[in-house]
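Given next are the chains, with one letter for each unit.
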Amino acid sequence: MSLYEDYLKEIETRKGQGLHPKPIEDGALVEEIVAQIKDTGHKHRQESLKFFIYNTLPGTTSAAGVKAKFLKEIILGTSVVEEITPAFAFELLSHMKGGPSVEVLLDLALGDDPQIARDAAEVLKTQVFLYDADTDRLKAAYEAGNEVARDILESYAQAEFFTKLPDVDEEIKVVTYVAAEGDISTDLLSPGNQAHSRSDRELHGKCMISEAAQKEIEALKLQHPGKRVMLIAEKGTMGVGSSRMSGVNNVALWTGKQASPYVPFVNIAPVVAGTNGISPIFLTTVGVTGGIGIDLKNWVKKLDENGKPILNNDDSPVLEQKYSVETGTVLTINTKTKKLYNEAGDEELADVASALTPQKVEFMKAGGSYAIVFGKKLQSFAAETLGIDVPPVFAPNKEVSHEGQGLTAVEKIFNRNAVGVADGKVLHAGSDVRVKVNIVGSQDTTGLMTAQELEAMAATVIAPTVDGAYQSGCHTASVWDLKAQANIPKLMSFMNGFGLITGRDPKGVYHPMTDVIHKVLNDITVDDWAIIIGGDSHTRMSKGVAFGADSGTVALALATGEATMPIPESVKVTFKGTMKDYMDFRDVVHATQAQMLKQCGDNVFQGRVIEVHIGTLLADQAFTFTDWTAEMKAKASICISNDDTLIESLEIAKSRIQIMIDKGMDNANKVLQGLIDKADKRIAEIRSGEKPALKPDDSAKYFAEVVVDLDLIDEPMIADPDVNNEDVSKRYTHDTIRPVSFYRGEKKVDLGFVGSCMVHKGDMKIVAQMLKNLEKSGEKVEFKAPLVVAAPTYNIIDELKEEGDWSILQKYSGFEFDDSAPKNTARTEYENILYLERPGCNLCMGNQEKAAKGDTVLATSTRLFKGRVVEDSSEKKGESLLASTPVVVLSAILGRTPSLEEYKAAVEGIDLTKFAPPTQKPLDARSVHF
């Protein structure tokens, strides 16, 4: 059977699902389609023409290569197709956005036919996705005296690819759609349990919010032709939790504009809004598509006669509505005045200048941020080649510099890694900066989209300036089902060929690794001055500064080695007092959130960098803090470590990278060995005093300073989704932090989960030690609730086996993973036993394994979003409460939350955490966690 016949069969299958034909990426299939187009009597010719014109993916896909080659034949006249004239062929090439299409256009522009050369040049002038091989050809032709090459370069120097685009409309009419009340997680827009379909945009679009919501959005579009639907988080923040490019893609699919008539299901320019604005990393993703993210401020704190907020019974401010945005309300966004008005445009409702900065308006005009990033590089290249200054076309980067003011840690890192900033210029928070990216991470449920983005921007190899990059397999580690079997090898093969270190070797040389991506990135980050970009909101490291990003920003970082963003403001977090020896550091993390809210009233962490002065805590446990900052809605977090502590953390990282090398994971460029060399260099700098561990200046300025009092942390803390709170906007946030005594030892626990990126080797040892404690006391170890344990990495399991802890876990387990025969279906029922699961994200991701509907889960993970770890049943809401490992283990054994006395008895003799504020005498950091 031919590929075309297979494609027709797939089309019939998709038709039954209510889907259109899947966009074509396979060049061999396009070759069959081209043959059928050339055969004027072929029965599938008309259909083949439509597939060729409207359904073939652009960029560097093999399909794009075949399409570009055939269009070249048509332009040169070696093939004649009545329906595709040479002029139309040029138009189709103009929508293919780089790679083979640019190669063809250069062939034609630098060819012998003057008219074809001029026509090709006019199309090339609109293209921005050119790489070194393309610009080298242009430069060589120009230097050889080619006038067409000169003409193209002069156009690029003037940035005509941007200036000739239509301006953004002065007035944008929107009709509101309230997607939910309270914070909207990106899981609502693109559920984690549908991660397998993210690269199939039309299919994935069916999972956004609900079928009913999709019908309501479609109805609004019919009722309000010419207006754009604005998706709203009422009384909350839009897009919390993760960047989720697939979430923005879904919103754009239902509410945005088609990017090209010749590329199906790729929409741009969504409009999203929230009472409390847009989550920072999600807002970056909106910019990738040239969309608009608006801070509505439509609910404000009610004030008393003294101007103080009026509080309700739970000490939260009472809110009053400033203006309504109920579904169906028509509003006007004025891009010139940068205000939000009513429908008539005569009543100002809100200042939306932050959504319409000059840079963001450029993204809107260009159809997304990529075009601007590549356009600026292309303009600089052209000006340099022509020997002229770069004409001032784009909005200048905002540069904020305060004379005499010191630098925070993040300001220091950004200044060190800045690209294109004048020598000696010192930039402070608020400045827009292009920065070099040192480490990049791609994870497996967004990786296929990153691969698509790389193909779309015509990238074929990782930027040489990137120190290291990793492709994980952790989000699909739980179940090796048909979806994973179809997607993951394909992803690993692409990324391995692109230049990343991959968790799975396409050639099968080393054992497949499903190690949690954040743990791997934390280990391969070997410089406290590094910038890390990763395709997950929990890209937070204990060294350097790391930013969670959408799949597109990850692709951009891989392709260019750069990222562009404002330098964020910082909040300084320090500690005082003494930590109780029966407390886990996870409790310090929870207490930080609770004490910050009490000290500041509002969440001052949101959208800012948390500069946490941990000092004496080694990388793994320090990572526990930085990882959690994603749930605090922070943009990033930086650990300030003492010199000795940082050196020890780097030595640990070196040993783990060496294990990766020993397993055969290094590539031809010896990236992993290069990281060990960089770690050695950094250690030498610290020891010699040449460059001590990163610290802020004493005169640095912070948005706020929070002091965490360790003396106040006298019992374990639990983050509670508060699923029955009368105020819907207070549910499923990470702001409800409660002491374990709140539950009076009575709250039933249906399942415990020790796993995700929030745990490390020490947590596994704690589980084993608690079981040994029960064994010694003579008690029979029985689980009254299932306990699922998933180590983050294989290295940890290997070490636990050497140290004897794994045998304890095996002794009490009723299930142990087997890599030679991984599960191929998700578990739907749990027994009251200990499950030793494969390393990876497991329940935290929620795309494969889940707790039973309606369960109360106590977990070490980070996700308490609705439906993530556990879904609602018809009788009861599912809830995922978050706590430290000892609390989770004890709760699974008891089948309920413990009392404080039960907890203290269970952890007696376990050295949970050695942590003291950096101003105090440093402790030996090697507690049970090492």
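The rules behind the values
Residues numbered from 1 in each chain as written. Predicted model: local features only at pLDDT ≥ 70, side-chain atom pairs only at ≥ 80, totals over all residues. Heavy atoms only, no water. Helix = DSSP H or I, 4+ residues; strand = E, 2+ residues; numbered from the N terminus. Rg over C-alpha atoms; globule rule 2.2 N^0.38 Å. Buried < 20%, exposed > 50% of the residue type's maximum accessible area, 1.4 Å probe, protein only. Contact = heavy atoms within 4.5 Å. Areas by Shrake-Rupley, 256 points an atom, 1.4 Å probe, with all protein chains shown as cover. Expected span 1.5 Å × (residues − 1). Arc of directions from axis to C-beta. Pairing = 2+ DSSP bridges. Right-handed = clockwise from strand over helix to strand, strands pointing away. Axes fitted to C-alpha atoms, helices over the stretch in contact; angles between N-to-C directions. Phe/Tyr/Trp six-rings, centres within 6.5 Å; stacked < 30°, edge-to-face > 60°. Lys NZ or Arg CZ within 6 Å of the ring centre and 35° of its normal. Disulfide = S-S within 2.5 Å. Salt bridge = Lys/Arg side-chain N within 4 Å of Asp/Glu carboxyl O. Core = buried A, V, L, I, M, F, W, Y, C linked by side-chain atoms within 4.5 Å. Domains from an automatic or database assignment.

Labelled according to an unreviewed UniProt entry, the protein appears under the name Aconitate hydratase, originating from Roseibium aggregatum.

**Focus: the overall build of the protein**
Of regular secondary structure, the protein possesses 31 helices and 33 strands. A compact globule built from 930 residues should have a C-alpha radius of gyration of about 30 Å, and the protein, at 28 Å, falls within 12% of that. Each of the three principal axes of the protein carries a C-alpha extent, and together these read 90 × 70 × 65 Å. Relative to its 930 residues, the protein shows a buried fraction of 61%. Within the protein, contacts between residues separated by at least 24 positions form 72% of all contacts whose residues are at least 6 apart in sequence. Split by element, the accessible area of the protein, about 35400 Å² in all, is 49% carbon and sulfur.

**Thoughts on helix H8 (residues 132–143)**
Taking 1.5 Å per residue as the helical rise, H8 with its 12 residues ought to reach 16 Å, and the 16 Å between its terminal C-alpha atoms agrees with that figure. Restricting attention to buried positions, one finds in H8 the residues Asp134, Thr135, Leu138, Ala141 and Tyr142. Taken down its axis, H8 places every buried residue within 125 degrees of arc, on the same side. The exposed residues of H8 that point more than 90 degrees off its buried face are Asp132, Ala133 and Glu143. Just downstream of H8 lies Gly145, where phi reads positive at about 95 degrees.

**Re the pairing of strand E16 (residues 439–442)**
Neither face of E16 is exposed, since Ile439 and Gly441 on one face and Val440 and Ser442 on the opposite face are all buried. Sheet topology note: the E16/strand E17 (residues 468–471) ladder contains four bridges and is parallel. When the bridges of E17 are listed, Gly441 appears paired with Tyr470. What joins E16 to E17 is helix H19 (residues 444–456), and the crossover it makes is right-handed.

**Considering the sheet that holds strand E25 (residues 704–709)**
Strand order in this open sheet of four strands is E24-E23-E22-E25, and the pairing throughout is parallel. The open sheet has two free edges, formed respectively by strand E24 (636–641) and E25, since each of these has just one partner strand. Each adjacent strand pair in this sheet contributes to an overall mean axis angle of 25 degrees, direction not counted. Relative to strand E23 (residues 609–615), strand E22 (residues 570–576) is paired through four bridges, and the arrangement is parallel. Residue pairing for E23: Val573 is matched across the bridge by Val612. Helix-sheet contacts for helix H23 (residues 585–600) involve E22, E23 and E25, and the interaxial angle to E25 is about 130 degrees.

**So, helix H30 (residues 885–894)**
Within H30, nine of the 10 residues are buried, leaving the element largely enclosed by the surrounding structure. Every buried residue of H30 is accounted for by Thr885, Pro886, Val887, Val888, Val889, Leu890, Ser891, Ala892 and Ile893. Its buried side turned inward, H30 meets strand E26 (717–719), strand E28 (751–754), helix H27 (761–776), strand E29 (787–790), strand E32 (856–859) and helix H31 (900–907). Just past H30, the residue Gly895 takes up positive phi, approximately 80 degrees.

**Structural notes on the sheet that holds strand E12 (residues 339–342)**
Read from one edge to the other, the open sheet built from seven strands follows the order E8-E7-E3-E1-E11-E12-E13, with strand pairing classed as mixed. With one partner strand each, in any of the chains shown, strand E8 (292–295) and strand E13 (348–351) form the two edges of the open sheet. Neighbour to neighbour, the strand axes of the sheet diverge by 30 degrees on average, direction disregarded. As defined by bridge partners, strand E11 (residues 330–334) adjoins E12 across four bridges and the pair is classed as antiparallel. Along E12, the bridge assignment pairs Asn334 with Lys339.

**Here we look at the packing of aromatic side chains**
Scanning all chains against the criterion turns up 15 aromatic pairs. Seen from their ring centres, Phe52 and Phe70 are 5.4 Å apart, and the 80 degrees between their planes marks the pair as edge-to-face. Here Phe52 is found in helix H3 (residues 45–54), whereas its partner Phe70 is found in helix H4 (residues 62–76), with 18 residues between them in sequence. Considered together, Phe52 and Phe70 belong to a single accessibility category, that of buried residues. An aromatic cluster is built from Tyr4, Tyr7 and Phe51, whose rings are joined through pairwise contacts. Sitting over the ring of Phe162, Lys365 keeps its end group 4.5 Å from the ring centre.

**Section: the state of the cysteines**
Tallied over the full model, the rule gives zero disulfides. You can see Cys474 has no disulfide; the closest cysteine sulfur is in Cys841, sitting 3.7 Å from it. Take Cys474: its relative accessible area is 0%, and that puts it in the buried class.

**Examining the pattern of salt bridges**
Where charged atoms of side chains with opposite charge meet at close range, the side chains can pair. Throughout the structure, instances matching the rule amount to 59 salt bridges. Residue Asp527 pairs with Arg416 through a salt bridge whose shortest N-O separation is 3.3 Å. Of the two residues, Asp527 sits in the loop between helix H21 (517–524) and strand E19 (531–534) while Arg416 sits in helix H18 (residues 409–417), which places them 111 residues apart along the sequence. Residue classification places Asp527 among the buried positions, given a relative accessible area of 17%. Using a relative accessible area of 38% as the deciding quantity, one classes Arg416 as partly exposed. Each of Arg416, Asp527, Asp528, Lys681, Arg682 and Glu685 takes part in one network of salt bridges that share partners.

**Quick notes on the nonpolar core**
Soluble globular proteins tend to bury their nonpolar side chains together. Core analysis: the biggest nonpolar cluster contains 129 residues, and Phe575, Phe605 and Ile614 have the highest contact counts within it. The residues contacting Ile614, other than those within four sequence positions of it, are Phe575, Phe585, Ala622, Phe625, Cys639, Ile640, Phe915, Ala916 and Pro918. If you look at the next biggest cluster of nonpolar residues, it comprises 111 residues, including Ala157, Phe381, Ile531 and Leu694.

**Topic: the environment of Pro839**
Within the secondary structure, Pro839 sits in the loop between strand E31 (834–837) and E32. Measuring from C-alpha to C-alpha, the distance between Pro839 and Gly755 comes to 8.5 Å, with 84 residues separating the pair along the chain. The residues touching Pro839, leaving out its near neighbours within four places in the chain, are Ala477, Thr514, Asp515, Ala791, Pro792, Thr793, Tyr794, Ile797 and Phe817.

**What to know about the domain arrangement of the protein**
Assigned domains of the protein: these are domain 1 (3–127), domain 2 (171–356), domain 3 (402–567), domain 4 (570–651 + 666–712) and domain 5 (717–907). On a C-alpha basis, the centres of domain 1 and domain 4 stand 52 Å from each other.

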